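Examination of the molecular architecture
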Amino acid sequence: MTPSIHPSRRTVVTALGAVAAVALPAWPQTARAADGTAVAVATAAANGPVLDTHPATEPSGTHVRDVGGTNVVFQYGTVLPAFDGWRTHEPTRDYVSLDKRWRFRFDPADQGADEGWQSRHHDDRAWDLIDVPAAWDLLNTPGFGSETAPFAQGTAFTDGYAWYRTTVDVPASWRARHVRIAFLAAGYSAEVWLDGVHLGKHEGANSPFALPVAGALRPGTRQTIAVRVFRRASYTDYTASNPQPVTDDHEIPYKPVDYWPYAGLTRSAWIEAVPQVTVAKLLVAAANGRLEASAVVENHGTSDFDGWLTLDPGRKSGGRPAVVPARIAARSAGVVRVSVPVPRAPRWSPAAPHTLTARATLSATRPSGPRLDTLSTRYGVRELTVADAQLRLNEEPLFLKGLNWHEETAAHGRAMTPAEYDRELGHFKILGANFIRNCVYNRHPYVYDWADEHGVLVMDDIDTMWLNTAQEKLQTERYGLARALALTMAWNQHNHPSVILWGLQNESEIDAAGAPVYRAWLADLKAAVKAVDLTARPVTWASNTSNDPAFDLADVIGFNEYFGYFYGKDSDLGPTLDAVHAKYPDKPILITENGTWAVAGTHGPDTTQGTEEWQAASFSVHWAQVTARSAFVAGFTYWVLKDYKERAGYNQDYNGISVMGLLTFAEERPKLVYDVFRKAAVPGGE
């Protein structure tokens, strides 16, 4: 969708007085609900698999507030900040990396909290060591990437609680700073303490979070960070012939799914010290020769701030820096909105992925005076629209030749290295693919940056996979974790030009009689992403049926299809697409999944399941039916780039490896379908 642009307005300033500013919300010193209740109780390991406790609502306190006409996402009593500190260090800020070796100990009996493992006085010298980032699955699981190693052995199957501890020397200069500890991921949930002071709890294995440390910080001293990470068991017994799943209605996903739930601090972490008056987030939308920016400014001090904000649209934009007043009341958050022309900014497209860098600078006295704080963001100028059953980028019809892809390697699990990202994502370019579906969770920020720089389009997803209607109702009406994941997805990935679609769910249950529960849940998620996305990207989801009763809510109709494999015949796809188009003639259709399986090296007739020939032939016949309908089908997304690990109750004979990929899991060796996919022509010759 095209952003809301106001060409007649050079600069737009929201004066941040009583109306436009909002007081920073209070945040409790514990992660429990306000009434102190807990809705699930941990079970001792001796009595069965441990379940984590849950407050009455999602524990991060994620919510949206209207600040001067801009919706702002809050967590832990502060604005959810930008997470660029993993790669970009602003000159006005201090950073301490936590990517190092930590003390580590499993806690199978859930005794650590009672024994004071969070205390700075606890003696952890006998603990083991673990790298951060890393998945504890790979600590001691020989043959994790092998198809022939025995299943259900090693730390890959150690569930429940585990503790991390490290120390940091806190500079004395931080007395006048706002300090937060940032984590790019903790799977599945994490609670954090600083010198025994509980900072908060986060739930959701693949979304970043930042905990403010006010009240616990002691500048000029050495302090101890303790993190307790939890992962629910997938099954009561991984070796059973008929394994019984372990479920938790509050978690997302709430039951075992067919991707591996890597555990631990799987992505980077750091401490960030910013000025008391700081630019927490810079939201930008660039289209039609203008840059619209909303700088979210926090004032953590006790005095009102009356200064200036300068927005520089970046070199090669053709735009000049704009200077506007910034007035933020004490202990408040406000938004400074600026609109500037960028007449020479090149458009971003897959063929020419031009990116620019915008920078917001706060100054207290005059615009040319000393900088108080800066925050930069990368962006691209592009127009995305949905009309007449087509998805268009920069006025041109877009056809998506896509791949689903799981973020993991045999060597590091989900804690991938930059070299591993480059190698795996490089296959998209080799294969001529222009589209990634992030099935079904947010990726490391490296992936979005890579996509921006290489011109690969992205459908971002959250962990809402295989929910049933009881969980959908719980999330919509009470717990709110699904909504929090949708909000943070749109907030965190907002400025990336490569991100063109928000995915709301994957193959979740649809209730009968008009699907009131399912529709309410999807409407809630759609409202969440639309509330914070200034560019109004289209929403879709990966439905388990082409007869989804909520397709009227989607901007792009998305569904998974496995004709000729799980049901029906390969040739059923074309008539199905025609029927969906007849019912929704103005909406583009996207095949969000299709694929089959092959054991690498298994050859035979293309009618024999499991052969490389069958896998390749199946892709070809589905691709032909989709591309013949490119007037209303926006694309095809193959399942999946690479074989992947799963804990679901099948494929144990292959050590839990699904063999549906174009590449093998550990060796990343191409199967026959890899070359067939590479040669598949995109309609229109793109």
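For every chain, the first residue of its written sequence is number 1, and the numbers climb from 1 along that sequence. At least 70 in pLDDT is required for a residue's local features to be given in this predicted model, at least 80 for side-chain atom pairs to be given and counted, and no such filter applies to totals for whole chains, interfaces and linings, which use all residues. Side-chain measures were taken over the full set of non-hydrogen atoms in the model, leaving aside hydrogen atoms and water.

Before going further, it helps to examine the confidence of the model for the protein chain. In predicted models, pLDDT denotes the confidence assigned by the predictor to each residue on a 0 to 100 scale. On average, residues of the protein chain score 93 in pLDDT, and 94% of them reach the 70 mark or higher. In this analysis, two residues are considered to be in contact whenever any of their non-hydrogen atoms come within 4.5 Å of each other. Taken together, the stretch residues 29–39 has pLDDT below 50 and engages in 22 contacts with residues farther than four places along the chain or on a different chain.

When DSSP finds at least two bridges between two strands, those strands are taken to pair. Strands are runs of DSSP state E lasting at least two residues, helices are runs of H or I lasting at least four, and both sets are numbered from the N terminus onward. Reading across the sheet, the 8 strands line up as β29-β28-β27-β26-β25-β32-β31-β30 and stay open at both edges, with parallel pairing between neighbours. A single partner strand is all that each edge strand has here, and the edge strands are β29 (539–542) and β30 (557–560). Neighbour-to-neighbour, the strand axes of this sheet turn through a mean angle of 25 degrees, independent of strand direction. With 3 bridges connecting them, strand β26 (residues 435–437) and strand β27 (residues 457–460) associate as parallel partners. Counted as the bridge partner of Phe-435 is Leu-457 from β27. Axes here refer to lines fitted to C-alpha atoms; in helices the fit is confined to the stretch in contact. Angles between the N-to-C directions go from 0 to 180 degrees. Running at roughly 145 degrees to strand β31 (residues 589–594), helix α6 (residues 573–583) makes contact with β30, β31 and β32 (633–638) of the sheet.

Of note, Glu-561 is situated in the loop between β30 and α6. The spacing of Glu-561 and Ser-543 is 18 residues in sequence and 9.0 Å in space, taken between C-alpha atoms. Beyond its immediate stretch of four places on either side in the chain, Glu-561 contacts Tyr-567, Leu-573, Ile-591, Glu-593, Asn-594, His-622 and Phe-636.

What follows concerns the packing of helix α7 (residues 612–627) against helix α8 (residues 672–679). At a minimum axis separation of 8 Å, α7 and α8 run at an interaxial angle of 20 degrees. Looking at the two axes, α7 sits roughly parallel to α8. For the pair α7 and α8, the sense of crossing is right-handed. Judged by residue contacts, Glu-612, Glu-613, Gln-615, Ala-616, Phe-619 and Ser-620 of α7 engage Leu-672, Val-673, Val-676 and Phe-677 from α8. Orientation is classified from the angle alone, with under 35 degrees giving roughly parallel, over 145 giving roughly antiparallel, 65 to 115 giving roughly perpendicular, and any other angle giving oblique. In this scheme the crossing of two helices becomes right-handed for a clockwise turn of the near helix relative to the far one and left-handed for an anticlockwise turn of less than a right angle.

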